[in-house]
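Single-letter residue listing:
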Amino acid sequence: MATVLLTGAGAGIGRAAALGLARAGWRCVLVDADAEALQRLEALWPAEAERPLSLVADLTDAARIERLGQEIPPLDALVNNAGLSAGGAEATSGHDDGTAARLLALNLAAPARMLQACAARLRPGARIVNVASGAGLRAIPWRGLYSPSKAGLIAQGRALAQARPDWTVTTLAPGFVRTELVQRLIDGGRLNPAQAVSKIPLGRMAEPEDMAEALCFLASAAARVLTGQLLVLDGGSSVCGGSQPLPPCEHPPLAFEAPLRPHGESVREPAWQAALDAWARSHADHPGSQGYPAVVDGRALDAPPGAQLEAVLDAARGFRARHAALASLTLLLPRPAPALPWALAGDAEAARMLVATLAAEWGAHGLRINALELPPGLAPEACLPLLGYLAGARAQFLTGQVLRPGAGAAER
């Protein structure tokens, strides 16, 4: 049985992730500063799961983190989820009362200290997952040093992947999540949910369980192809611009366990064709209209330089003609060539922006589009677990993203 340590486990994303990991068969070490929150979590623990080891720790205390390393069993995964915000504060405030120092200690210093404290207990091939935020990709004003701290954590994860290629290091960047804190802001009239949702292409806030599904995948061995990378799970808000408000989603979320109905389209590369055919056959026990339609389109792999945008557009038109709602399109793209004639240099980036544009336009229908940029020689079988997550209902809040499986720790 694999063992995972999860910080910030007592509430919100951490609580949902802890319960999801337990249901998936993990042995869980739960860390939180709130002893009562850990007790409430244990009261919800699945009966069939092994009881967790709960440890109370204030992760702004470096000495307490160091002692944690002596209290834990061997680990297969470490999930640094604990974090702190500073609502209503300017970035230069909080120095006199220590708020700024505490925020940086928890959001930026604690993940590194946790890794250092747990390093001797990490099994070979361990997975390290840091939970950052979409606020680390763009400045969010009046939240103190929250955005800088999360930007630093994203960079720290990339650097760690380069320093330790024997580990799998990934970072999750959630968008707007309906945690207890967000719900209190809504109930108190401090947050207008309609205004928040109008900036999210998928037309709803995420639930903590959306993030839990992602963390369960990233903590698994299947995440190896994403080492050194950032998974932005924000309903497409980070890739969508413009001043026009977006419509709410027309459909309720699907159950995460909705069966997958995958289909390969225009995949001519023999190895990928065989792998996707076998993958589709493995889900053939959900025929007809049952299941969540997931199209994987590979026509861009064969597009000559300068024709990738047109290939993506053709794939999107075909997908949209066949699917009105609640389906996913995953594009297989070639890794951009290192040197192209200048007149062709914009084609690949235009194709990436088309993915983002379609994510914004399709979101209200529950239609998602993402892409994988594939390096030469990557075995398709290594990507199938990623496709199983990315294309299915477990990732139904993930859209507009271009991921680079197999990029490895050596690439930024």
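Before reading further, recall that the structure is shown in the block above.
Keep in mind it's a predicted model, so treat the numbers as computed, not measured.

1. Description of helix H11 (residues 347-362)
Over its 16 residues, H11 runs 22 Å from end to end, which matches the ideal 22 Å to within 8%, given 1.5 Å per residue. Considering only its buried residues, H11 is in contact with helix H10 (308-322), strand E10 (327-334), strand E11 (367-374) and strand E12 (402-403).

2. Section: the sheet that holds strand E6 (residues 168-174)
Strand order in the open sheet formed by seven strands is E3-E2-E1-E4-E5-E6-E7, with parallel pairing between adjacent strands. One side of each edge strand has no neighbouring strand; the edge strands of this open sheet are strand E3 (53-56) and strand E7 (229-233). Pairwise comparison of adjacent strand axes, ignoring direction, gives a mean angle of 15° for this sheet. Bridge count for strand E2 (residues 27-32) against E3 is four bridges, and the pairing is parallel. The residue of E3 that forms the bridge with Leu 30 is Ser 54.

3. Quick word on the pattern of salt bridges
In this structure the tally under the stated criterion is 19 salt bridges. With a closest N to O distance of 2.8 Å, Arg 394 and Glu 213 form a salt bridge. You can see Arg 394 sitting in the loop between helix H12 (380-390) and E12 and its partner Glu 213 sitting in helix H8 (residues 208-218), a full 181 residues away along the chain. Beyond isolated ion pairs, a larger network of salt bridges with shared partners links Arg 335, Glu 349, Arg 352, Glu 373 and Arg 404.

4. Brief notes about the nonpolar core
If you look at the biggest cluster of nonpolar residues, it comprises 62 residues, and the most contacted ones within it are Trp 45 and Leu 276. If we skip the residues at most four places from it in the chain, Leu 276 touches Gly 264, Val 267, Val 296, Leu 332, Leu 384 and Leu 387. Judged by nonpolar contacts, the second largest core, of 25 residues, contains Val 31, Leu 68, Met 114 and Leu 160.

5. As for the side chain of Thr 3
Structurally, the position occupied by Thr 3 is in strand E1 (residues 3-7). Overall, the relative accessible area of 1% leaves Thr 3 in the buried class. Not counting residues within four places of it along the chain, the set of residues in contact with Thr 3 comprises Trp 26, Arg 27, Val 29, Pro 73, Pro 74, Leu 75, Asp 76, Ala 77 and Arg 123.

6. Some details on helix H9 (residues 270-281)
For H9, which comprises twelve residues, the first-to-last C-alpha distance of 16 Å matches the rise-based estimate of 16 Å (1.5 Å per residue) to within 8%. Among the residues of H9, Trp 272, Ala 275, Leu 276 and Trp 279 are the ones counted as buried. Along the axis of H9, the buried positions cluster into a sector of 95°, meaning they face one direction only. Exposed residues lying more than 90 degrees from the buried face of H9 are Pro 270 and Arg 281. Where the residues of H9 are buried, they touch strand E8 (260-265), strand E9 (292-297), E10, E11 and H12.

7. Points about the environment of Leu 340
Tracing the backbone shows Leu 340 in the loop between E10 and H11. By relative accessible area, which is 36% here, Leu 340 ends up partly exposed. Along the sequence, Leu 340 and Gly 306 sit 34 residues apart, while their C-alpha atoms lie 9.2 Å from each other.

8. Brief notes about the packing of H8 against H12
At a minimum axis distance of 11 Å, the contact between H8 and H12 shows a crossing angle of 175°. With respect to H12, the axis of H8 lies roughly antiparallel. Where H8 abuts H12, its residues Glu 213, Ala 214 and Phe 217 lie against Pro 385, Leu 386 and Tyr 389. Grouping the constituent residues of the contact of H8 with H12 by class yields five nonpolar, no polar and one charged.

9. A closer look at the pairing of E7
Taken across its five residues, E7 has five buried, putting it largely inside the fold. Here E7 shows a buried face lined by Gln 229, Leu 231 and Leu 233 and a second buried face lined by Leu 230 and Val 232. Of the strand pairs in this sheet, E6 and E7 are connected by five bridges, and their pairing is parallel. Paired with Pro 174 across the two strands is Leu 233, which belongs to E7.

10. Points about the sheet that holds E8
Ordered by their spatial adjacency, five strands build an open sheet running E8-E9-E10-E11-E12, and the pairing between neighbours is parallel. With partners counted over all chains shown, the strands left at the sheet margins are E8 and E12, one partner each. Running at roughly 165° to E10, H10 makes contact with E8, E9, E10 and E11 of the sheet.

11. Some remarks on unusual backbone geometry
The phi dihedral of Trp 142 is positive, around 60°, even though this residue is not glycine. Counting through the fold element by element, Trp 142 comes out in the loop between strand E5 (122-131) and helix H5 (146-163). Of the residues examined, Trp 142 reaches a relative accessible area of 56% and is grouped as exposed. Unlike most non-glycine residues, Ser 266 shows phi in positive territory, near 55°. Position of Ser 266 relative to the elements: it lies in the loop between E8 and H9. On the basis of relative accessible area, Ser 266 is assigned to the partly exposed category, the value being 23%.

12. Topic: the packing of aromatic side chains
Across all of its chains, the model carries two aromatic pairs by this definition. Ring geometry for Phe 217 versus Tyr 389: centroids 5.1 Å apart, planes at 10°, classification stacked. Within this pair, whereas Phe 217 is found in helix H8, its partner Tyr 389 is found in helix H12, the two being separated by 172 residues in sequence. Neither residue differs from the other here; Phe 217 and Tyr 389 are each classed as buried.

13. Focus: the packing of helix H4 (residues 99-118) against H5
At a closest axis distance of 8 Å, the pairing of H4 and H5 adopts a crossing angle of 15°. The orientation of H4 with respect to H5, classified from their angle, is roughly parallel. For the element pair H4 and H5, the recorded crossing hand is right-handed. The residues of H5 that touch H4, namely those facing Leu 103, Leu 104, Asn 107, Leu 108, Pro 111, Ala 112 and Leu 115, are Tyr 146, Ser 149, Lys 150, Gly 152, Leu 153, Gln 156 and Leu 160. Classifying every residue of the contact of H4 with H5 by side-chain character gives nine nonpolar, four polar and one charged.

Conventions adopted
- Residues numbered from 1 in each chain as written.
- Predicted model: local features only at pLDDT ≥ 70, side-chain atom pairs only at ≥ 80, totals over all residues.
- Heavy atoms only, no water.
- Helix = DSSP H or I, 4+ residues; strand = E, 2+ residues; numbered from the N terminus.
- Expected span 1.5 Å × (residues − 1).
- Contact = heavy atoms within 4.5 Å.
- Pairing = 2+ DSSP bridges.
- Axes fitted to C-alpha atoms, helices over the stretch in contact; angles between N-to-C directions.
- Salt bridge = Lys/Arg side-chain N within 4 Å of Asp/Glu carboxyl O.
- Core = buried A, V, L, I, M, F, W, Y, C linked by side-chain atoms within 4.5 Å.
- Buried < 20%, exposed > 50% of the residue type's maximum accessible area, 1.4 Å probe, protein only.
- Arc of directions from axis to C-beta.
- Parallel < 35°, antiparallel > 145°, perpendicular 65-115°, else oblique.
- Nonpolar A, V, L, I, M, F, W, Y, C, P; charged D, E, K, R; others polar.
- Phe/Tyr/Trp six-rings, centres within 6.5 Å; stacked < 30°, edge-to-face > 60°.
- Left-handed = near helix turned anticlockwise from the far one by under 90°.

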